[in-house]
Amino acid sequence: MTSHPAGSRDIVVGIDPDRDWRLALAWAADEAQRRRLPLRLVLAVPPQHDTHHVDGTPGQTALRQAGSDRLEQACNWVRDRHPEVGVTGDLLGGFPAHVLGRAAREARLIVLGSRRLSRTAEFFSAGSLVVPVTAQARCPVAVVGDAEHISQQPPYVVAGIDGSASATAALAFAFDEADLRGAALRVVCVWQRPLIMLDDEEVALRAQRTLLSEATAGLSEKYPDVRVTHEVLTGHPVEELARAAEHALSVVVGRRGRGGYTGMRIGSVVHGLLHRAHCPVITVPTD
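Residues numbered from 1 in each chain as written. Predicted model: local features only at pLDDT ≥ 70, side-chain atom pairs only at ≥ 80, totals over all residues. Heavy atoms only, no water.

Novice: Just checking my understanding: could you explain the packing of aromatic side chains for this structure?
Specialist: The geometry of an aromatic ring pair is captured by the separation of the ring centres together with the interplanar angle, meaning the angle of the planes. Taken as a whole, this structure holds two aromatic pairs when the rule is applied. Residues Trp 21 and Trp 77 carry aromatic rings whose centres are separated by 5.9 Å and whose planes lie at 80° to one another, so their mutual orientation is edge-to-face. Separated by 56 residues along the polypeptide, Trp 21 in the loop between strand 1 (11-14) and helix 1 (22-35) and Trp 77 in helix 2 (residues 60-81) bring together distant segments of the chain. Judged by relative accessible area, which is 26%, Trp 77 ranks as partly exposed. Geometrically, the ring pair formed by Phe 175 and Tyr 223 is stacked, given 5.8 Å between the ring centres and 25° between the ring planes. Placement of Phe 175 in helix 6 (residues 165-181) and of Tyr 223 in the loop between helix 7 (201-222) and strand 8 (228-234) is noted, with a sequence separation of 48 residues between them. Tyr 223 sits in the buried class, given a relative accessible area of 10%. Across from the ring centre of Phe 173, 5.0 Å away, lies the NZ or CZ of Arg 35, which sits over that ring. (Phe/Tyr/Trp six-rings, centres within 6.5 Å; stacked < 30°, edge-to-face > 60°. Helix = DSSP H or I, 4+ residues; strand = E, 2+ residues; numbered from the N terminus. Buried < 20%, exposed > 50% of the residue type's maximum accessible area, 1.4 Å probe, protein only. Lys NZ or Arg CZ within 6 Å of the ring centre and 35° of its normal.)

Have a look at this one:
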């Protein structure tokens, strides 16, 4: 496989040799074409204790050959779909989550497929990528578990904001994404009624509407062709955002930092959306 030059700002796709990669790869290839960015496909081969076949289990040499074949197949598939997109493939040794975490340091965007594991399985599955890579990546991460809802007219992108710095970064990404696609943007803030209300509910909702207006003001001027709507919803953030994005091209939310030595803290809303939303989920870090 061809190695990508160090320091390049490309879109990186994690290729899982044990599952169908075409859904996530199609999304990534289309995104690379829209953004005029190169595409880098990464397949990691985990270390083994030996390099021979034991009890019918393929050794390291066989795994690397199978991975190389799968990468070549995937690269050719992208070239057929978008001949103008530059695509390379890297076969790397190491555990997939660690390999993709390193790749994210120089990437513009990481794209992963989702196995839609349960929360418990996501944490303890040896092959799980979504949680650790999303938690550790220094760039936006798109998790593609279902096909885009391109039949919805007019097409739209959903951005979930809460006034935090990470939400501000997500909103900027969402505006750019909507502009590239010629789509509308639904900016959503979800207010969850507290157990003890210190203010009148209408006062609280009015504050959320003000937050939306202030957050989008400058970006609306920068992207005059993007039609923006503001929505204050009440209820559980995961449920309401997933419902708002039911027919969306994608839902974009912020994520706050990287946590702990396991790098597994990504926030309950982000974690919930990764399992509930039926469209690509794009998470954007603060920096």
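Novice: Help me understand the pattern of salt bridges in this model?
Specialist: Oppositely charged side chains can pair when the atoms bearing their charge come close. One pass over the structure, following the stated rule, counts eleven salt bridges. In this structure, the salt-bridge partner of Asp 30 is Arg 81, at a minimum N-O distance of 2.9 Å. Residue Asp 30 is located in helix 1, and its partner Arg 81 is located in helix 2; the two are separated by 51 residues in the primary sequence. Owing to a relative accessible area of 37%, Arg 81 belongs among the partly exposed residues under this scheme. Two residues, Arg 276 and Glu 239, come together in a salt bridge whose shortest N-O distance is 2.6 Å. Of the two residues, Arg 276 sits in helix 9 (residues 268-276) while Glu 239 sits in helix 8 (residues 237-244), which places them 37 residues apart along the sequence. (Salt bridge = Lys/Arg side-chain N within 4 Å of Asp/Glu carboxyl O.)

Novice: Even after reading the chapter, I still don't get the nonpolar core, so can you show me in this structure?
Specialist: Considering soluble globular proteins, one finds that nonpolar side chains tend to be buried as a cluster. Residues Leu 39, Leu 41, Val 111 and Leu 185 are the most contacted members of the largest nonpolar core, which totals 49 residues. If one sorts the elements of this core by residue count, helix 6 sits on top with eight residues. Ignoring sequence-local partners within four residues, the contact set of Val 111 consists of Ile 11, Val 12, Val 13, Gly 14, Ala 24, Trp 27, Ala 28, Ala 142 and Val 144. (Core = buried A, V, L, I, M, F, W, Y, C linked by side-chain atoms within 4.5 Å. Contact = heavy atoms within 4.5 Å.)

Novice: Teacher, can you tell me more about the pairing of strand 6 (residues 156-160) here?
Specialist: Note on strand geometry: in a regular strand, side chains alternate between the two faces of the sheet. Among the five residues of strand 6, five are classified as buried, and the element is accordingly described as predominantly covered. Neither face of strand 6 is open: one carries Tyr 156, Val 158 and Gly 160, the other Val 157 and Ala 159, and all of them are buried. Inspection of the sheet shows strand 6 paired to strand 7 (residues 184-191) by five bridges, in the parallel sense. Following the sheet pairing, Val 158 is matched in strand 7 by Arg 186. Read as a crossover between parallel neighbours, the route from strand 6 over helix 6 to strand 7 is right-handed. Here strand 6 pairs with strand 9 (residues 250-255) via three bridges, running parallel. Looking across to strand 9, one finds that Val 158 is bridged to Val 251. (Pairing = 2+ DSSP bridges. Right-handed = clockwise from strand over helix to strand, strands pointing away.)

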